[in-house]
Amino acid sequence: MGKINRVIWIVLDSAGIGAAKDADKFDDEGTNTIGHVSEKNNGLNIPNMTKLGIGNIDGVVNLEKCEAPIGCYGRMAEKSNGKDTTIGHWEMMGIYSEKRFPTYPNGFNKEIIDRFIKEANLPGILGNKVASGTEILKELGDEHIKTHKPIIYTSADSVFQIACHEEVYPPEKLYEICKIARGILRGEDEVARVIARPFIGKNAVEGFTRTSNRRDFSKLPSEDNLMVYLKKSGIEVACVGKIEDIFAGVGVTKSVHTRDNMDGVDKTIDYMKEVDKGFIFTNLVEFDSKWGHRNDYVGYAKGLEVFDKRLPEIMDSMEDDDLLIIDADHGCDPTTKGTDHTRENVPLLVYGKQIKKNVNLHIRDTFADAGQTVAEIFGVKKLNIGESFLKEIL
């Protein structure tokens, strides 16, 4: 048995697999992103994830079981107090968030907005409320183009989102504005992310479209996390998609942004050709941004099926000393009335030529169990939370 020299970790953003035990505290009882997507579409055609064992996970519903899975499988509960992208990814890397990040159900206070307008030298702002990212463009996009006032909105998550037309504020200018907002939102008002939401389109009647130039400006994470430990040990940490943004660049050695899920798969495979040893960490965001938040369970199903078709390419690109992890960071059940994230357990699929087949990892107490396993693989400092399952799968 040789040593595992490379880990490829892919996060299917929002692909939860059933309500967490404490879902009632988040008003998310009964949620089940993948289960309900499958139910609404009369099943999912995901034979490759089925072979890995996704249908064999304890408590899973509406998914086909495999008689002899070639992977290890389980589900992970979130220990931290939240259900957003930042908290989920941070916990995977060993950061426990005891307190929820601040949210603004009534919009941001006047002091924050006034300071933002002054420091960014803006003519004013529009919105400043909880809203769907697509609906607020229909409502305020035309006025934004006319007045050059950025559209500010938030959600149930800890986010300060700034939407601007790319011909009014080119992406680089929008990023500058976001950095100013990031500098203002500190202390008790330190939201998890300031998000640049550029869009294009002539008017609301013809429709506006958000572009792939989105960027996230995150709160700085603790340096007590797996990515930092790996980097300090001279191990490559190559990030695909918005991972670099989620961690504000902390612990990252190289990164690339992506246009969509399939570009994310392409970039992951590119890194697999380039990075001989190390950690490749990928986020596929469209499950969340394009289908989950828009209650598009048909699109969500197609997204899962398209990813599944690409999965053999990833697996065929793996070397004998590689390990593949597939999981999610939270839920975003598109069959619910709301459009926000849902407090769910997430699937855990693990595959590699050096690991056992058909191992049920059952329910893990924290997302950090996967991170702790990677820490043990590379022999770096042990994470503050989580229990490695390496001995169970080797």
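Provided above is the structure to which this section pertains.
Read on for an overview of the structure. This structure is a prediction, so every number in the text was calculated from the model and none was measured. (Residues numbered from 1 in each chain as written. Predicted model: local features only at pLDDT ≥ 70, side-chain atom pairs only at ≥ 80, totals over all residues. Heavy atoms only, no water.)

**Overview of the overall build of the protein chain**
Step number 1: Of regular secondary structure, the protein chain possesses 13 helices and 14 strands.
Step number 2: Its C-alpha atoms give the protein chain a radius of gyration of 20 Å, within 12% of the compact-globule value 21 Å for 394 residues.
Step number 3: The principal-axis extents of the C-alpha atoms in the protein chain amount to approximately 65 × 50 × 40 Å.
Step number 4: Counting only residues that meet the buried cut, the protein chain has 59% of its 394 residues in that class.
Step number 5: Long-range pairs, those at least 24 residues apart, make up 67% of the contacts in the protein chain between residues at least 6 apart in sequence.
Step number 6: For the protein chain, the computed accessible surface area is about 15,900 Å², with 46% contributed by carbon and sulfur atoms.
Step number 7: Taking the average place of the 52 positive charges on the side chains of the protein chain and the average place of its 63 negative ones, the gap between the two points comes to 2 Å. (Helix = DSSP H or I, 4+ residues; strand = E, 2+ residues; numbered from the N terminus. Rg over C-alpha atoms; globule rule 2.2 N^0.38 Å. Buried < 20%, exposed > 50% of the residue type's maximum accessible area, 1.4 Å probe, protein only. Contact = heavy atoms within 4.5 Å. Areas by Shrake-Rupley, 256 points an atom, 1.4 Å probe, with all protein chains shown as cover. Lys, Arg positive; Asp, Glu negative; His and termini not counted. Charge placed at Lys NZ, Arg CZ, Asp CG, Glu CD.)

**Notes on the nonpolar core**
Step number 1: Residues Trp 9, Met 227, Phe 279, Phe 281, Phe 307 and Leu 324 are the most contacted members of the largest nonpolar core, which totals 85 residues.
Step number 2: Ranked by the residues each element gives to this core, the list is headed by helix α11 (residues 297-316), at 7 residues.
Step number 3: With near-sequence residues (within four places) excluded, Trp 9 lies in contact with Met 92, Met 93, Phe 279, Ile 280, Phe 281, Thr 282, Ile 325, Asp 327, Ala 370, Gly 371 and Val 374.
Step number 4: Formed by 25 residues, the second largest nonpolar core is a distinct cluster that contains Ala 120, Ile 162, Leu 174 and Ala 181. (Core = buried A, V, L, I, M, F, W, Y, C linked by side-chain atoms within 4.5 Å.)

**Regarding the pairing of strand β4 (residues 151-154)**
Consecutive side chains along a regular strand alternate between the two faces of the sheet.
Step number 1: Side chains Ile 151 and Tyr 153 project from β4 onto one buried face, and the interleaved Ile 152 and Thr 154 project onto a second face that is buried too.
Step number 2: Sheet topology note: the strand β3 (residues 126-130)/β4 ladder contains 4 bridges and is parallel. Along β4, the bridge assignment pairs Leu 126 with Ile 151.
Step number 3: Where the polypeptide runs from β3 across helix α5 (residues 133-147) and back to β4, its parallel neighbour, the crossover connection is right-handed.
Step number 4: The sheet contact formed by β4 and strand β5 (residues 159-165) spans 3 bridges and is antiparallel. In the sheet register, Ile 152 faces β5, and the bridge partner there is Ile 162.
Step number 5: In this antiparallel pair of consecutive strands, β4 and β5, the connection spans 4 residues. (Pairing = 2+ DSSP bridges. Right-handed = clockwise from strand over helix to strand, strands pointing away.)

**Topic: helix α12 (residues 368-378)**
Step number 1: Counting buried positions over the 11 residues of α12 gives 10, a clear majority of the element.
Step number 2: Residues of α12 that are buried include every one of Ala 368, Asp 369, Ala 370, Gly 371, Gln 372, Thr 373, Val 374, Ala 375, Ile 377 and Phe 378, and no others.
Step number 3: Where α12 terminates, the next one or two residues include Gly 379, which has phi positive at roughly 70°.

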